[in-house]
Amino acid sequence: MSRTPIIAGNWKMNKDVKAANELITALIPLVKDATCECVFCPPYIDLPEAVHLTKDTNIGIGAQNMHWEDHGAFTGEIAGEMLKALGVKYVIIGHSERRQYFAETDETVNMKTKKALELDMTPITCCGETLEERESGKAQEIVVNQIKNGLKDIKDITKVVVAYEPIWAIGTGKTASNAEANEACGWVRKTIQEMYGEDAAEAVRIQYGGSVKPSNIVELMEEPEIDGALVGGASLTADFAQIVNYDKK
Ligand code: 13P
């Protein structure tokens, strides 16, 4: 089975509305012939403009987080329903920075992933180990548990995109080797196979994230278990088009 590659830019807490407008306007013509699914995830306040600018293009817009409830007394939070109403099609869930700084757990990741699917949005659900966990030989156990708990009881797992992002490779310039990235994406797929069966595991798309750039995307995408990338720093300039167009080099 062939899986459509998906490359997403996670802008994190960067770019105000004006800067977002400039970058999206620059990127639209540069990525228009992409063969992969192409997604930009700007900060919340940029989303209305981003959805508007990318209407009738091949770019999908995603949020970086959402709440699982539809509304209520959750100061500072944004509901998935609100994103959906805006035309947002994707949502990053359980990024390691959310887990580290904002107390996200596998349990909240599970609730958010389910809610995103219920709203017909594509969750990009993240997993990945710390440096300490890798060095102590626990990386596989950590990733497998994140998948088992974060993605349990999902109705249509094939609609979930999983992002494997080793925390030690995020923003450090240190990319996992191709073999390490492929191996860990393989752990994710094997776990999904055990939970949901062979067909589901074959269909689900798994991204690698962590210091992806124009110079390493081609070799990462050659790995059989890697179906795309979740890109941080290198998604903040028009050079992101070189990553999206990795197959045209
Ligand atoms: P960098 O590409 O900046 O390492 O960030 C990766 C990431 O966290 C994407 O979600």
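Residues numbered from 1 in each chain as written. Predicted model: local features only at pLDDT ≥ 70, side-chain atom pairs only at ≥ 80, totals over all residues. Heavy atoms only, no water.

### Brief notes about the overall build of the chain
Thinking step 1. For the chain, the helix and strand inventory stands at 11 helices and 8 strands.
Thinking step 2. In terms of C-alpha radius of gyration, the chain reaches 17 Å, essentially the compact-globule figure of 18 Å for 249 residues.
Thinking step 3. Oriented by its inertia axes, the alpha-carbon framework of the chain measures out at about 50 × 45 × 35 Å.
Thinking step 4. The burial tally for the chain puts 53% of its 249 residues in the buried class.
Thinking step 5. Long-range pairs, those at least 24 residues apart, make up 73% of the contacts in the chain with a sequence separation of at least 6.
Thinking step 6. Carbon and sulfur atoms provide 52% of the accessible area of the chain, an area that totals close to 11200 Å².
Thinking step 7. Computed over 26 positive and 38 negative side-chain charges, the separation of the two mean positions in the chain equals 2 Å. (Helix = DSSP H or I, 4+ residues; strand = E, 2+ residues; numbered from the N terminus. Rg over C-alpha atoms; globule rule 2.2 N^0.38 Å. Buried < 20%, exposed > 50% of the residue type's maximum accessible area, 1.4 Å probe, protein only. Contact = heavy atoms within 4.5 Å. Areas by Shrake-Rupley, 256 points an atom, 1.4 Å probe, with all protein chains shown as cover. Lys, Arg positive; Asp, Glu negative; His and termini not counted. Charge placed at Lys NZ, Arg CZ, Asp CG, Glu CD.)

### Details of the packing of helix H5 (residues 106–118) against helix H7 (residues 139–150)
Thinking step 1. Here H5 crosses H7 at 45°, and the two axes come no closer than 8 Å. Of the possible angle classes, the one that applies to H5 and H7 is oblique. As H5 runs across H7, the sense of the crossing is right-handed. Between H5, through Asp106, Val109, Asn110 and Thr113, and H7, the contact on the second element is made entirely by Asn145, Gln146, Asn149 and Gly150.
Thinking step 2. Across the contact of H5 with H7, the residue classes break down as 1 nonpolar, 6 polar and 1 charged. (Axes fitted to C-alpha atoms, helices over the stretch in contact; angles between N-to-C directions. Parallel < 35°, antiparallel > 145°, perpendicular 65-115°, else oblique. Left-handed = near helix turned anticlockwise from the far one by under 90°. Nonpolar A, V, L, I, M, F, W, Y, C, P; charged D, E, K, R; others polar.)

### A word on the environment of Asn149
Thinking step 1. Looking at where Asn149 falls in the secondary structure, it is placed in helix H7.
Thinking step 2. Asn149 sits 41 residues away from Thr108 along the chain, and the two C-alpha atoms are 9.9 Å apart.
Thinking step 3. Filtering out sequence-adjacent residues up to four positions away, Asn149 remains in contact with Asp106 and Asn110.

### As for the packing of aromatic side chains
Thinking step 1. A full pass over the atoms with the stated rule returns 4 aromatic pairs.
Thinking step 2. Summarising the aromatic geometry, the rings of Tyr164 and Tyr208 are spaced 6.4 Å apart at their centres and angled 45° between planes, so their arrangement reads as tilted. Placement of the pair is Tyr164 in strand S6 (residues 161–164) and Tyr208 in strand S7 (residues 205–209), with a sequence separation of 44 residues.
Thinking step 3. What links up through ring pairs into an aromatic cluster is the set Trp11, Phe40 and Phe240. (Phe/Tyr/Trp six-rings, centres within 6.5 Å; stacked < 30°, edge-to-face > 60°.)

### Quick look at the site of the ligand
Thinking step 1. The environment of the ligand is formed by 13 residues, the closest being Lys12, His95, Gly171, Ser211 and Gly233.
Thinking step 2. Within the backbone of Gly171, one N or O atom sits 2.6 Å away from an oxygen atom of the ligand.
Thinking step 3. Between Ser211 and the ligand, the recorded distance is 2.7 Å, taken from a backbone N or O atom to an oxygen atom.
Thinking step 4. Coverage of the ligand by the protein chains reaches 95% of its 300 Å² of free accessible surface. (Near = heavy atom within 4 Å. Polar contact = N/O pair within 3.5 Å; in protein donor to acceptor, adjacent residues only side chain to side chain.)

### Topic: the confidence of the model for the chain
Thinking step 1. Taken as a whole, the chain shows an average pLDDT of 97; of its residues, 100% reach a score of 70 or greater.
Thinking step 2. Between the elements of the chain, mean pLDDT differs from a low of 93, seen in helix H6 (residues 131–135), to a high of 99, seen in strand S2 (residues 37–41). (pLDDT = per-residue confidence, 0-100.)

### A closer look at the pattern of salt bridges
Thinking step 1. Inspection of every chain in the model, using the stated rule, returns 19 salt bridges.
Thinking step 2. In this structure, Lys18 and Glu22 form a salt bridge, with 3.2 Å as the shortest nitrogen-oxygen distance. With Lys18 and Glu22 both in helix H1 (residues 17–30) and 4 residues apart, this pair spans about one turn of that helix.
Thinking step 3. Put simply, Glu37 and Arg205 hold a salt bridge, and the shortest N to O gap is 2.7 Å. (Salt bridge = Lys/Arg side-chain N within 4 Å of Asp/Glu carboxyl O.)

### Considerations on the side chain of Asp46
Thinking step 1. Position of Asp46 relative to the elements: it lies in the loop between S2 and helix H2 (47–54).
Thinking step 2. No salt bridge is formed by the buried Asp46; the nearest opposite charge belongs to Lys15, separated by 8.6 Å.
Thinking step 3. Dropping the residues within four chain positions of it, Asp46 is found in contact with Trp11, Asn14, Lys15, Asp16, Val17 and Ala20.

### Re helix H8 (residues 178–196)
Thinking step 1. Look at H8: 26 Å from first C-alpha to last across 19 residues, which is about the 27 Å you get at 1.5 Å a residue.
Thinking step 2. Turning to H8, its buried residues are Asn178, Ala181, Asn182, Ala184, Cys185, Gly186, Trp187, Val188, Arg189, Thr191 and Ile192. (Expected span 1.5 Å × (residues − 1).)

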